[in-house]
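Coordinates in review
Take a look at the letters that make up each chain.
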Amino acid sequence: QAQLVESGGGWAQAGGSLRLSCVASGRIGTTYRMGWFRQAPGKEREFVSAINWNNYTYYADSVKGRFTISRDNAKNTVYLRMSSLKPEDTAVYYCAVADGLGSWYEAREYDYWGQGTQVTVSS
């Protein structure tokens, strides 16, 4: 089992930047993905980005070139650096871990979830 705690959400103007952090604890397998999802009011939860045990990264088309996912293994932390923010990025952002092989982008493939952190981007 693993526990995840997100932080770093807040307000930003369009074109600005934020960095989200997710601190992981507990135990997971050797093959895993750590990902970020987001959910806006009235919309389904959608995949944003993920990084696996080999530091391979994957991004949703909507954030490619603007968001960067990374890890700090010493701190058991995964980051999502968001730049060139758009109002459409406004959502609750969730950190998640998929313990094993499977789809990068389907929420049902992920086993553990944080509580989420709000990101609001103004025009």
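Below, the structure is looked at part by part.

Focus on unusual backbone geometry
Phi at Asn 55 takes a positive value of approximately 65°, unusual for a residue other than glycine. Within the secondary structure, Asn 55 sits in the loop between strand 5 (46–52) and strand 6 (57–59). Judged by relative accessible area, which is 46%, Asn 55 ranks as partly exposed.

Observations regarding the pattern of salt bridges
This model, assessed by the stated rule, comprises four salt bridges. Of the charged contacts in the structure, one is a salt bridge between Arg 38 and Asp 89, with a shortest N-O distance of 2.9 Å. Residue Arg 38 is located in strand 4 (residues 32–39), and its partner Asp 89 is located in the loop between strand 8 (77–82) and strand 9 (91–99); the two are separated by 51 residues in the primary sequence. By relative accessible area, which is 5% here, Arg 38 ends up buried. The salt bridge involving Asp 89 is made with Arg 66; its shortest N-O contact spans 2.8 Å. Of the two residues, Asp 89 is situated in the loop between strand 8 and strand 9 and Arg 66 in the loop between strand 6 and strand 7 (67–72); the sequence distance between them amounts to 23 residues.

Considering the sheet that holds strand 1 (residues 2–7)
The sheet built from four strands is open, its strands ordered 1-3-8-7 with antiparallel pairing. Looking at the sheet topology across the chains shown, the edges are occupied by strand 1 and strand 7. On average, adjacent strands in this sheet sit at an angle of 20° to one another, irrespective of strand direction. Across six bridges, strand 3 (residues 18–26) lies against strand 8 in antiparallel orientation. Across the sheet, the residue bridging to Leu 18 is Met 82, located in strand 8.

Quick notes on the packing of aromatic side chains
Summed over all chains, the structure comprises seven aromatic pairs. When the ring of Phe 37 is compared with that of Tyr 110, the centres are 4.9 Å apart and the planes differ by 80°; the resulting orientation is edge-to-face. One end of the pair, Phe 37, is in strand 4; the other, Tyr 110, is in the loop between strand 9 and strand 10 (112–113), with 73 residues separating them in the sequence. Taken as a pair, Phe 37 and Tyr 110 share a single burial class, namely buried. Residues Phe 47 and Tyr 58 carry aromatic rings whose centres are separated by 5.6 Å and whose planes lie at 40° to one another, so their mutual orientation is tilted. You can see Phe 47 sitting in strand 5 and its partner Tyr 58 sitting in strand 6, a full 11 residues away along the chain. Above the ring of Tyr 94, the side-chain terminus of Arg 45 is found at 3.9 Å from the ring centroid.

Regarding a nonpolar patch on the surface
A contiguous nonpolar patch, built from Tyr 56, Tyr 58 and Tyr 105 and spanning about 340 Å² of accessible area, is present on the exposed surface. Secondary-structure assignment places Tyr 56 in the loop between strand 5 and strand 6. For Tyr 56, a relative accessible area of 49% puts it in the partly exposed group.

Considerations on the environment of Ser 83
Note that Ser 83 resides in the loop between strand 8 and strand 9. Classification of Ser 83 by relative accessible area gives buried; the value is 15%. Note: C-alpha distance between Ser 83 and Val 121 (38 residues apart in sequence) is 11 Å. Within the local environment of Ser 83, its side chain forms a polar contact with the backbone oxygen of Arg 66, the two atoms lying 2.7 Å apart.

About the thresholds
- Residues numbered from 1 in each chain as written.
- Predicted model: local features only at pLDDT ≥ 70, side-chain atom pairs only at ≥ 80, totals over all residues.
- Heavy atoms only, no water.
- Helix = DSSP H or I, 4+ residues; strand = E, 2+ residues; numbered from the N terminus.
- Buried < 20%, exposed > 50% of the residue type's maximum accessible area, 1.4 Å probe, protein only.
- Salt bridge = Lys/Arg side-chain N within 4 Å of Asp/Glu carboxyl O.
- Pairing = 2+ DSSP bridges.
- Axes fitted to C-alpha atoms, helices over the stretch in contact; angles between N-to-C directions.
- Phe/Tyr/Trp six-rings, centres within 6.5 Å; stacked < 30°, edge-to-face > 60°.
- Lys NZ or Arg CZ within 6 Å of the ring centre and 35° of its normal.
- Patch = residues over 30% accessible without salt bridge, like charges linked within 9 Å, V, L, I, M, F, W, Y side chains within 5 Å.
- Areas by Shrake-Rupley, 256 points an atom, 1.4 Å probe, with all protein chains shown as cover.
- Polar contact = N/O pair within 3.5 Å; in protein donor to acceptor, adjacent residues only side chain to side chain.

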